[in-house]
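Secondary and tertiary structure notes
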Amino acid sequence: LSECPRCRSKAKNNTEIVTPITIRGTGPLANLTYELYRQLPSAIEPKIRLLPGEGRKLLTFYDSRQGAARFAAFLQDISTRQNYRHIIPQAVNLSLKEDENGFNSAPNLFSLGKKSAELAWQKKILQSDPDSDSFWRDYTSVFTNDQRREAALWMERIILGEFTTGRRSRQSLESMGLIGVNYFSADSLPDFTLLSSKIGLNINQVQVLVGFLLDDLRFRKAVKLPGGIQADDPEFGPNKGNPKIIRQGKPNNGEEAWVGATERQYRRKFVQRVLVCNNLDSSEDNVKNVLNVIWDWLIKDVPGLMVGSASDGYQLDPRYLYFDTSQQWYRCRNCQRLSYRGDSLPCPYPNCGGEFEPVEINMIQKQNYYFNLFTQPLIPIRVEEHTAQLDSEKGKEYQDFFKKGYINVLSCSTTFEMGIDLGDLQAVVMSNVPPTVANYKQRAGRAGRRTSGTAFILTWASDRPHDQAYYDNPIEIISGKVAVPNIHLENEMIIRRHVNALLLSSFLRYRNQK
């Protein structure tokens, strides 16, 4: 099945659109761990509440030090990425509240980048990002002007990645109905009257049509990237291009034609669909004429929106990307995709053409995990590994930071089962069912040693026979008896090992005497 029968989404080459749900790997466990961490109560003391995570602490166990190190990096990476996305709607809302011009003007890319950077610093997200510069790892440092500029650029690339190539995801902020993007500020809308008279659509329809066509440019990453952001930045995923748009003709490398050479081009197909729905001339000549009229209007009558030249091509100016959270949302009756452009035109998604209907976004998204996550308070997290591969000084530093609350999660190997005092601990996560009852009790017993609260223990049972046996009968591992340590002296393997050890030591002493 290479194409979805409802929304007509297509699979990548040599893949299917329907893929099996898997519970293997670290992804499911990381999501469960992060959600458990979020549900933990915050500290009562005011000083501790100022720390990242407000004093929340959690310990994770892996049977191998390599697994513990990988899980620490993975959990920090996905939680940091989610936190960056989490602060963008908050930054938009704060920017709208701070408007002093009397208009409900939405922030553009650069003002949103600055506000998001401030929030990322306040919420201790930048300081916990292992990919950011080392000086950001210090929670006590002052946010200098140089750091502010660097952090704003850091957030601009994340925002651009989210709202250009990332927009294709069903779980993007825009696809979920959390944020919309407009190309004209509320207090300086261009005049759509002349454009309306030339095309034959009413003003509202023309405004929606222009929005959809500009959305297509944005999704193709035809945006002038700010200095310091490269087209092949990892935030853009596999999309390495940054095309420039020419009116029509044969594009050179790095160019795309506004009016495509064939009728199969998305913009031509969509304009034709709009004309058909409004009983207007939908011939290929008129379709190209409508696109040319809109192109001339964008270049001549909306100064600044498109930057470039006729010879070199044009791109969207990021200063004209305005972000808002107060839209009325609509949903396509056919493919179920969301839009905030209105219901006066058919769905622009390729091969869909369904009609939009107004929806209450909080109602239709109440079962969406990420929508609910991003509308709840943001809780930062700092994760580090604690394994035998760390030097003793670094391990002691992490222990102290964990006890004080600067580190929220320690991903540990089996060496952390006993002998180290961690103070008040709220939860323990195990990546697998431990080998014995003693191991389970040692790990689980790390939490709840104080009388101030209840301990939470989460154990991930993999598809190994050992884990599944205890998953079917969990009382055996939770309340089972700890076997008394013993050695079977009649064990032939143990006898052989001891004899070999004695022979080897005797041989080495003999050689040393020579």
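Residues numbered from 1 in each chain as written. Predicted model: local features only at pLDDT ≥ 70, side-chain atom pairs only at ≥ 80, totals over all residues. Heavy atoms only, no water.

**Re the packing of helix 8 (residues 266-277) against helix 9 (residues 284-301)**
Remark: helix 8 packs on helix 9, axes separated minimally by 9 Å, with the N-to-C direction vectors making an angle of 105 degrees. Viewed along their axes, helix 8 and helix 9 adopt a mutual orientation that is roughly perpendicular. Contact with helix 8, carried on its side by Arg267, Arg268, Val271, Gln272 and Leu275, involves Glu284, Asn286, Val287, Lys288, Val290 and Leu291 of helix 9 and no other residues of that element. When its residues are assigned to classes, the contact of helix 8 with helix 9 shows five nonpolar, two polar and four charged. (Axes fitted to C-alpha atoms, helices over the stretch in contact; angles between N-to-C directions. Helix = DSSP H or I, 4+ residues; strand = E, 2+ residues; numbered from the N terminus. Parallel < 35°, antiparallel > 145°, perpendicular 65-115°, else oblique. Contact = heavy atoms within 4.5 Å. Nonpolar A, V, L, I, M, F, W, Y, C, P; charged D, E, K, R; others polar.)

**Brief notes about unusual backbone geometry**
Its identity as a non-glycine residue notwithstanding, Lys221 has a phi of 65 degrees, on the positive side. Among the secondary structure elements, Lys221 is positioned in the loop between helix 7 (203-219) and strand 3 (244-246). By relative accessible area, Lys221 is classed as buried at 0%. Not every positive phi belongs to a glycine, and Asn351 is a case in point at roughly 65 degrees. Structurally, Asn351 is set in the loop between strand 9 (338-339) and strand 10 (356-359). Looking at Asn351, the relative accessible area reads 40%, which means it is partly exposed. (Buried < 20%, exposed > 50% of the residue type's maximum accessible area, 1.4 Å probe, protein only.)

**With respect to the sheet that holds strand 13 (residues 427-430)**
What the five strands build is an open sheet, ordered 11-12-1-13-14; its pairing is parallel. Unpaired on one side and paired on the other, strand 11 (383-386) and strand 14 (456-459) mark the two borders of the sheet. The sheet shows a mean angle of 20 degrees between the axes of neighbouring strands, taken without regard to direction. In this sheet, strand 12 (residues 409-412) lies alongside strand 11 in parallel orientation, the contact comprising four bridges. Bridge pairing in strand 12 places Val383 opposite Val409. Together, strand 1 (58-61), strand 11 and strand 12 form the strand contacts of helix 12 (residues 392-404), whose direction differs from that of strand 11 by roughly 135 degrees. (Pairing = 2+ DSSP bridges.)

**Concerning the side chain of Asp129**
Here Asp129 shows up in the loop between helix 4 (109-122) and helix 5 (145-163). A polar contact is formed between the side chain of Asp129 and the side chain of Tyr84, at a distance of 2.8 Å. Side-chain polar atoms of Asp129 contact the backbone nitrogen of Asp131, separated by 2.9 Å. (Polar contact = N/O pair within 3.5 Å; in protein donor to acceptor, adjacent residues only side chain to side chain.)

**Comments concerning the packing of helix 3 (residues 65-97) against helix 4**
Interaxial distance between helix 3 and helix 4 falls to 9 Å at its minimum, and their mutual angle equals 120 degrees. For the crossing formed where helix 3 meets helix 4, the hand is right-handed. Across from Tyr84, Ile87, Ile88, Gln90, Ala91, Val92, Leu94 and Ser95 in helix 3, the residues of helix 4 making contact are Leu112, Lys115, Ser116, Leu119 and Ala120. Looking at the contact of helix 3 with helix 4 residue by residue, the classes come out as nine nonpolar, three polar and one charged. (Left-handed = near helix turned anticlockwise from the far one by under 90°.)

**A closer look at the pattern of salt bridges**
Tallied over the full model, the rule gives 25 salt bridges. In this structure, Glu54 and Arg56 form a salt bridge, with 3.2 Å as the shortest nitrogen-oxygen distance. The partner of Lys394 in a salt bridge is Glu397, and the shortest N-O contact between them spans 3.5 Å. Here Lys394 and its partner Glu397 are both found in helix 12, three residues apart, which amounts to about one turn of the helix. Residue Glu397 is classed as partly exposed on the basis of its relative accessible area, which comes to 32%. Taken together, the salt bridges that share partners define one network made up of Asp77, Arg81, Arg157, Asp233 and Glu235. (Salt bridge = Lys/Arg side-chain N within 4 Å of Asp/Glu carboxyl O.)

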